[in-house]
Amino acid sequence: MEVFVGLDIGGTKIMVAAADREGHELRRVRTATATTLEEDLANLNRMITEVTADNEIKGMGAAIGGPLDWEQGIVSPLHQPAWRNIPLKEIMESKWGCPFRVDVDTNVAAVGEYRWGGVAAPRFLYLTLSTGMGGGFLVDGKIYRGQDGAHPEVGHQSVPFRCANPATVQCECGAPDCLEALVSGNGIRRVYGKPAEELNAAEWEEVAYNLGQGLRNMAALYAPDLIRLGGGVAVGGGERFIEAARRVMEEHLKLVPAPRVELSRLGYDTALRGAIAMALPENL
Ligand SMILES: [Zn+2]
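Described below are features of the structure shown in this document. (Residues numbered from 1 in each chain as written. Predicted model: local features only at pLDDT ≥ 70, side-chain atom pairs only at ≥ 80, totals over all residues. Heavy atoms only, no water.)

### Here's the deal with the overall build of the protein chain
In terms of helices and strands, the protein chain carries eight helices and 13 strands. Taking 2.2 N^0.38 as the reference for a compact globule, 284 residues should give roughly 19 Å; the C-alpha atoms of the protein chain span a radius of gyration of 19 Å, in line with that estimate. Here the C-alpha coordinates of the protein chain stretch approximately 55 × 40 × 35 Å along the principal axes. Across the 284 residues of the protein chain, 54% fall into the buried class. Contacts spanning at least 24 positions in sequence make up 63% of the contacts within the protein chain whose residues lie at least 6 apart. As displayed, the protein chain offers around 12,700 Å² of accessible surface, 50% of which is attributable to carbon and sulfur atoms. Averaged over its 28 positive side-chain charges, the protein chain has a centre that lies 4 Å from the centre of its 37 negative ones. (Helix = DSSP H or I, 4+ residues; strand = E, 2+ residues; numbered from the N terminus. Rg over C-alpha atoms; globule rule 2.2 N^0.38 Å. Buried < 20%, exposed > 50% of the residue type's maximum accessible area, 1.4 Å probe, protein only. Contact = heavy atoms within 4.5 Å. Areas by Shrake-Rupley, 256 points an atom, 1.4 Å probe, with all protein chains shown as cover. Lys, Arg positive; Asp, Glu negative; His and termini not counted. Charge placed at Lys NZ, Arg CZ, Asp CG, Glu CD.)

### A short note on helix α6 (residues 201-222)
Helix length check: α6, at 22 residues, gives a terminal C-alpha distance of 30 Å against a target of 32 Å (1.5 Å per residue), a fit within 8%. The backbone nitrogen of A202 lies 3.1 Å from a side-chain oxygen of the residue at the head of α6, namely N200. Positioned one or two residues after α6, A223 has a phi angle of 45°, which is positive. (Expected span 1.5 Å × (residues − 1). Polar contact = N/O pair within 3.5 Å; in protein donor to acceptor, adjacent residues only side chain to side chain.)

### What to know about the coordination of the zinc ion
Here the zinc ion is held by H156 (ND1), C171 (SG), C173 (SG) and C178 (SG), and the distances to it run 2.0 to 2.3 Å. Taken together, the four donor atoms coordinating the zinc ion and their angles of 105 to 118° define a geometry best described as tetrahedral. Donor residues for the zinc ion, ordered by position in the chain, follow H-x14-C-x1-C-x4-C. In this pair, H156 is assigned in the loop between β11 (142-143) and α4 (180-183) and C171 in the loop between β11 and α4, connecting sequence segments 15 residues apart. You can call H156 partly exposed: its relative accessible area is 29%. (Donors = N, O, S within 2.8 Å, 3.2 Å for Na, K, Ca; no water. Tetrahedral: all angles 85-135°; square planar, octahedral: opposite > 155°, others 65-115°.)

### Some points on the packing of aromatic side chains
In total, this model carries six aromatic pairs according to the counting rule given. Taking the centre distance of 6.3 Å and the plane angle of 40° together, the rings of Y114 and F124 count as tilted. With a gap of ten residues between them, Y114 in helix α3 (residues 105-116) and F124 in strand β9 (residues 123-129) connect regions that are remote in the sequence. You can call Y114 partly exposed: its relative accessible area is 25%. For the pair F124 and Y126, a centre-to-centre distance of 6.5 Å together with 55° between the ring planes defines the contact as tilted. Summarising the burial analysis for this pair, F124 and Y126 share the class buried. Of the aromatic side chains, those joined through ring pairs into one cluster are Y114, F124 and Y126. It is R115 that lies over the ring of W116; its NZ or CZ is 4.2 Å from the centre. (Phe/Tyr/Trp six-rings, centres within 6.5 Å; stacked < 30°, edge-to-face > 60°. Lys NZ or Arg CZ within 6 Å of the ring centre and 35° of its normal.)

So this is what it looks like as structure tokens:
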């Protein structure tokens, strides 16, 4: 049997799944991210062997944090210091003898949501609100890329924000007013001194307001048909949070039609499902 493999290489965990030609998942395993590159690569190879058994691997897709060179498949995920300038495509293709494609996790998540989340929108923006914050923009299902393949960093846009403790707003990129510093898991922890799941109603409202201002900017610039949000903070905040942010967006958005704003249908699985989609023949 022919199988297709998806890898989700994150800062805290690694997930590997095998699927058939239609993308139906056959087997999935996960492990904690290690502290050395050698250990991570050994784990990846062991997990690939485990999920694929003796089947023939026809393609592999991977999601990992940026920055990376998607054409060469060289990765340097910011939050994984052990991984610097790693020629992952070359390593995996020579080890497994199948085509390998890697992309920034938020792009891969966008592909996953588009392919498996029932998205028919020609201009589709997917946002991940987890430890950090990022997005992927698809036009007719194809990843939009910037200059020299650069990944647009929607988390690092400036927004007019509401915050009871403005001095605590500080983005990891160095800027004092990024959206990511206000609505990501790490940002919320810094601003409110606790994880997102412990926020009270007033604090959620503040986060929703700030997210809404970011949505408004993105709607004004991309004019998408649909925005979907996934990741721990979005899923944790749920429909009420997304709806509150959508209202702020709509209230402040002029001239450009308001896109639909929805919660991800895949929840936490989006990047892994996207990695599988990228491994399939039509996407490789
Ligand atoms: Zn920033």
